[in-house]
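Commentary on secondary and tertiary structure
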Amino acid sequence: MVALLVATGWPARANDSAAELSIGGLKLVRTNDVSMESENLRIALDRISVRYQFTNVTAKPVTLTVAFPLPDIDLSEAENIALPSNDPINFVDFETKVDGSPAPLTVDQRAMVGNRDVSALLRELKLPLLPIGGREIRVSDLPAATRTRLADDGLLMPAGMTDNGRQQYAPGWVIKTSAVRQQVFPPMRTVTVEHQYRPSVGSSPDTILRSNLRRSSALGQEVARYRKEYCVQDAFLAELDKRAGGNQINSANLQERRISYVLKTGANWAGPIRSFKLTIDPGGSDRLVSFCPGRLKASSATGNTLEYTASDFKPDADLKILVIGIF
């Protein structure tokens, strides 16, 4: 398969491509006491912002644990994942406000190997749970006893051999992170909650949907996945072909950006979302956008942004957005 990818000119993901992480909005256990009156979601390549309005439909205060789950980070694949921030705790620069005031969050972060919590061992060895940015771990610089203990406990995974035949290792645990808080919803009153963060944006320096690539039998299964996951229509491909031309090489310098957004957690409130609005900002009017709108209806296109709305909206699928253009 690697040989086929090279032969067709499609870049392998391990080098100059990066995979996106699926991130979403606030999450809590299903409740019949609090309804979501509106959700205004704006997705751009550099920032995702959401404005919710919640109403306690009961006659007494309701206190709920509200969580913002960050995606799991599997360190064995970290080199191929697009992490938007070097903060080892809040690696998406998440911020939240309640009725206009900053809301404090408690961040819970754990390192896992399978179902085993290995956070205490890493702290004992004075190693970061999420080794990114200035906290990256050079396994070769660790004391031999530390390397042996980490390998014996399953925290280090074999990662090839050196030129002189010595075994190399790389971190292999999974980081689970969640920001949580207790939120009080006063009786029969609307509470406005806003949050924003930097998304994890998948990227590729070419696009598999260029005509010379998508017509390759070796990439047929991957192209079919793209068409299904992003609801790519023939009109989208026709416009792409017009811009890309028929050259074997990517002479138009078109690239991909991909964003995944977890939308289904919005179905955990009392009843549907009464008013939902999605705005997609691809960052340029010359960029092509494709995603599966489901029940969302296009309402307008202002400048380089696309807007979709729905009433009494109960999300039953997550969003996967594909943007193709020059970046």
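Refer to the structure printed above.
Below, the structure is looked at part by part. (Residues numbered from 1 in each chain as written. Predicted model: local features only at pLDDT ≥ 70, side-chain atom pairs only at ≥ 80, totals over all residues. Heavy atoms only, no water.)

So, on to the overall build of the protein. Looking only at helices and strands, the protein has six helices and 19 strands in total. Out of the 327 residues belonging to the protein, those deemed buried represent 46%. In the protein, the proportion of contacts linking residues at least 24 apart, taken out of those at least 6 apart, comes to 76%. For the protein, the exposed area adds up to about 16200 Å²; of that, 49% sits on carbon and sulfur atoms. Mean positive and mean negative side-chain charge positions of the protein (39 and 36 charges, respectively) differ by 3 Å. (Helix = DSSP H or I, 4+ residues; strand = E, 2+ residues; numbered from the N terminus. Buried < 20%, exposed > 50% of the residue type's maximum accessible area, 1.4 Å probe, protein only. Contact = heavy atoms within 4.5 Å. Areas by Shrake-Rupley, 256 points an atom, 1.4 Å probe, with all protein chains shown as cover. Lys, Arg positive; Asp, Glu negative; His and termini not counted. Charge placed at Lys NZ, Arg CZ, Asp CG, Glu CD.)

Let us look at the pairing of strand β12 (residues 190-197). Of the pairings in the sheet, the one linking strand β3 (residues 48-56) to β12 comprises eight bridges and is antiparallel in character. What sits directly across from Ile 48, in β12, is Tyr 197. In terms of strand pairing, strand β5 (residues 95-98) meets β12 through four bridges, oriented antiparallel. Along β12, the bridge assignment pairs Glu 95 with Gln 196. (Pairing = 2+ DSSP bridges.)

This part is about the sheet that holds strand β7 (residues 106-113). Reading across from one edge, β4-β11-β7-β8 is the order of the four strands in this open sheet, with antiparallel pairing throughout. Each edge of the open sheet carries a strand with a single partner, namely β4 (62-74) and β8 (116-117). Sheet topology note: the β7/β8 ladder contains two bridges and is antiparallel. Bridge assignment links Met 112 to a residue of β8, and that residue is Asp 117.

Let us now look at the packing of aromatic side chains. Under the counting rule described, the total for this entry stands at seven aromatic pairs. For the pair Phe 291 and Tyr 308, a centre-to-centre distance of 5.0 Å together with 85° between the ring planes defines the contact as edge-to-face. Of this pair, Phe 291 sits in the loop between β16 (288-290) and β17 (297-302) while Tyr 308 sits in strand β18 (residues 305-313); the two residues are 17 residues apart in sequence, bridging distant segments of the chain. One aromatic cluster in this structure is built from Tyr 52, Phe 54 and Phe 185. It is Arg 257 that lies over the ring of Phe 327; its NZ or CZ is 4.3 Å from the centre. (Phe/Tyr/Trp six-rings, centres within 6.5 Å; stacked < 30°, edge-to-face > 60°. Lys NZ or Arg CZ within 6 Å of the ring centre and 35° of its normal.)

The eight strands lie next to each other as β6-β5-β12-β3-β2-β15-β18-β17, forming an open sheet whose pairing is mixed. Strand pairing shows two members of the sheet lacking a second neighbour, β6 (101-102) and β17, which therefore form its edges. Of the pairings in the sheet, the one linking β17 to β18 comprises five bridges and is antiparallel in character. The residue bridging Ala 298 from the neighbouring strand is Tyr 308, located in β18.

This paragraph deals with the nonpolar core. Note on soluble globular proteins: their nonpolar side chains tend to be buried together. In terms of nonpolar packing, the biggest core is built from 62 residues, with Leu 41, Ile 43, Phe 68, Leu 122, Trp 173, Tyr 261 and Leu 278 touching the most fellow members. Broken down by element, this core gets its largest block of residues, six residues, from β4. In contact with Ile 43, not counting residues within four places along its chain, are Ile 48, Ile 259, Tyr 261, Leu 278, Thr 279, Ile 280, Asp 281, Leu 319 and Ile 321. One finds Tyr 226, Tyr 230, Leu 254 and Leu 322 within the second-largest nonpolar core, a separate group that totals 16 residues. (Core = buried A, V, L, I, M, F, W, Y, C linked by side-chain atoms within 4.5 Å.)

This part covers the side chain of Thr 177. Here Thr 177 shows up in strand β11 (residues 174-185). Classification of Thr 177 by relative accessible area gives buried; the value is 5%. Among the polar contacts made by the side chain of Thr 177, one reaches the side chain of Gln 109 at a distance of 3.0 Å. Discounting chain neighbours no more than four positions away, the residues touching Thr 177 are Pro 69, Leu 70, Ile 89, Phe 91, Val 107, Asp 108 and Gln 109. (Polar contact = N/O pair within 3.5 Å; in protein donor to acceptor, adjacent residues only side chain to side chain.)

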